[in-house]
Amino acid sequence: MSLLAVGTEKTRGISPRRKFEGHAGRVTGVVHLPGGQRIVTCSWDGSLRMWNLKSGEQIGKDWRDGENGVHAITLSPDGKQLVSGSDDGAMRLWDIDTGKVITKWTGHMRPVISVRWNRDGRQRIMTCSHDGSLRMWNLKSGEQIGKDWRDEESGVYAITLSPDRKQLVSGGSDGAVRLWDIDTGKVITKWMGHTEIVVSVRWNGDGGRVLSGSRDGTARVWDVKSGEIIVAIEAETSLYSAIYSPDETMISTGGSGECIKIFDAKTGKLIDLKGHTTNV
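So, here is what we can say about the structure in this document. Quantities reported herein were computed from a predicted structural model and do not represent experimental measurements.

## Section: the overall build of the protein chain
Piece 1. Each helix and strand in the protein chain was counted, giving zero helices and 24 strands.
Piece 2. Within the protein chain, buried positions represent 48% of all 280 residues.
Piece 3. In the protein chain, the share of contacts with a sequence separation of at least 24, taken over all contacts with a separation of at least 6, comes to 36%.
Piece 4. Split by element, the accessible area of the protein chain, about 14200 Å² in all, is 47% carbon and sulfur.

Written out as structure tokens, the structure is:
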């Protein structure tokens, strides 16, 4: 379906194909499992759940290990395991077939907000937390690799790995976007432009640009080499996410208003798409 420019005519509504009901709290993450027939979700209600995409029914019982809310999940490269990050500052490695915890790692002092599987063949997990640190973990031993990555005392709300897995970008509570070197754990540079928490960061396909979204109601596209803002987007609502379209011609933002918004990735011009009635 093509998107219509603002003011041309009413945008056609999009109806959901399936509704998955069962979680008792906010759903904070979704991953698709190999084969395209199942998904796993996580929630503030403390559970992970597996669903049949065709029927909409839950598969098996809830996956639980305590009652701590779950903020993020990431799928292993082979699709056989999941890692989750929770309110208690712990990361848990789950077996997809059994829905059981294989092991639990602790170290963060506050909720783990984002987890990323570094698919570089060295079995490493990257995590970030409201405690202001990023950490790298050895999957086999469950031990932290090196020291905490820190740059000033700001909470970390989002992380994303570069396409070549050599760098990482983080979004902080101080409004900064930081570029990190994976091997040294040091900040390469810091980009300033947002005035509130940066809650979403994404690389583009070739690794030359980074998209950030903030609670200040703006999204920014940064040139990685120069650190300059290439595109500035005014979404005019506190953002929760900002992502590229698959062909990278558009940018979508979701926030606290009553709609998602689509922008031209080159010009930052708004393309309208409305319909939601609460936070996206």
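Next comes the rest of the account.
## Considerations on the nonpolar core
Piece 1. The biggest cluster of nonpolar side chains holds 13 residues, and the ones touching the most others in it are Leu 33, Val 40, Leu 48, Trp 63, Ile 73, Leu 82 and Ile 96.
Piece 2. Elements supplying a minimum of two residues to this core: strand E2 (38–43), strand E3 (47–52) and strand E5 (70–75).
Piece 3. Here this core takes three residues from E5, the largest share from any one element.
Piece 4. Leave out the neighbours within four places in its chain, and Trp 63 touches Val 40, Gly 46, Ser 47, Leu 48, Met 50, Leu 82, Trp 94, Asp 95, Ile 96 and Gly 99.
Piece 5. Membership of the second largest hydrophobic core comes to twelve residues, among which are Ala 219, Ala 235, Phe 263 and Ala 265.

## Structural notes on the sheet that holds strand E17 (residues 198–203)
Piece 1. Spatially, the four strands line up as an open sheet ordered E17-E18-E19-E20, and their pairing is antiparallel. In the strand order of this sheet, the two ends are held by E17 and strand E20 (229–234), each with one partner. Between one strand axis and the next, the sheet turns by 15 degrees as a mean value, whatever way the strands run.
Piece 2. Of the strand pairs in this sheet, strand E19 (residues 218–223) and E20 are connected by five bridges, and their pairing is antiparallel. Residue pairing in the sheet places Arg 220 in a bridge with Ala 232 of E20.

## Digging into the side chain of Ser 133
Piece 1. Mapped onto the elements of the fold, Ser 133 is located in the loop between strand E10 (124–129) and strand E11 (134–138).
Piece 2. You can call Ser 133 buried: its relative accessible area is 0%.
Piece 3. A polar side-chain atom of Ser 133 sits 3.2 Å from a polar atom in the side chain of His 108.
Piece 4. For Ser 133, the side chain forms a polar contact with the side chain of Arg 135, separated by 3.3 Å.

## Quick notes on the pattern of salt bridges
Side chains that carry opposite charge are capable of pairing whenever their charged atoms lie near each other.
Piece 1. Going through the model one piece at a time under the given rule, you end up with eleven salt bridges.
Piece 2. Taking the shortest distance from any N to any O, the salt bridge between Asp 62 and Arg 49 comes out at 3.0 Å. With Asp 62 in strand E4 (residues 58–64) and Arg 49 in strand E3, this residue pair connects regions lying 13 residues apart in the sequence.
Piece 3. Note on Asp 62: relative accessible area 30%, which makes it partly exposed.
Piece 4. Using a relative accessible area of 7% as the deciding quantity, one classes Arg 49 as buried.
Piece 5. Notably, a salt bridge pairs Glu 67 with Arg 64, separated by 3.4 Å at the nearest N-O pair.
Piece 6. Each of Asp 45, Arg 49, Asp 62, Arg 64 and Glu 67 takes part in one network of salt bridges that share partners.

## Considerations on the environment of Val 83
Piece 1. Along the chain, Val 83 falls in strand E6 (residues 81–86).
Piece 2. You can call Val 83 buried: its relative accessible area is 0%.
Piece 3. With eleven residues separating them in the primary sequence, Val 83 and Trp 94 have C-alpha atoms 6.2 Å apart.
Piece 4. With residues up to four places along the chain from it excluded, the contact list for Val 83 reads Ala 72, Ile 73, Thr 74, Met 91, Arg 92, Leu 93, Trp 105, Val 115, Trp 117 and Ile 125.

## Concerning the sheet that holds E10
Piece 1. The sheet built from four strands is open, its strands ordered E9-E10-E11-E12 with antiparallel pairing. The strands lining the two open edges of the sheet, one partner per strand, are strand E9 (112–118) and strand E12 (144–149). Across the sheet, the mean angle from the axis of one strand to that of its neighbour is 15 degrees, orientation sign disregarded.
Piece 2. Alignment of E11 against E12, held across three bridges, turns out to be antiparallel.

Conventions adopted
Residues numbered from 1 in each chain as written. Predicted model: local features only at pLDDT ≥ 70, side-chain atom pairs only at ≥ 80, totals over all residues. Heavy atoms only, no water. Helix = DSSP H or I, 4+ residues; strand = E, 2+ residues; numbered from the N terminus. Buried < 20%, exposed > 50% of the residue type's maximum accessible area, 1.4 Å probe, protein only. Contact = heavy atoms within 4.5 Å. Areas by Shrake-Rupley, 256 points an atom, 1.4 Å probe, with all protein chains shown as cover. Core = buried A, V, L, I, M, F, W, Y, C linked by side-chain atoms within 4.5 Å. Pairing = 2+ DSSP bridges. Axes fitted to C-alpha atoms, helices over the stretch in contact; angles between N-to-C directions. Polar contact = N/O pair within 3.5 Å; in protein donor to acceptor, adjacent residues only side chain to side chain. Salt bridge = Lys/Arg side-chain N within 4 Å of Asp/Glu carboxyl O.

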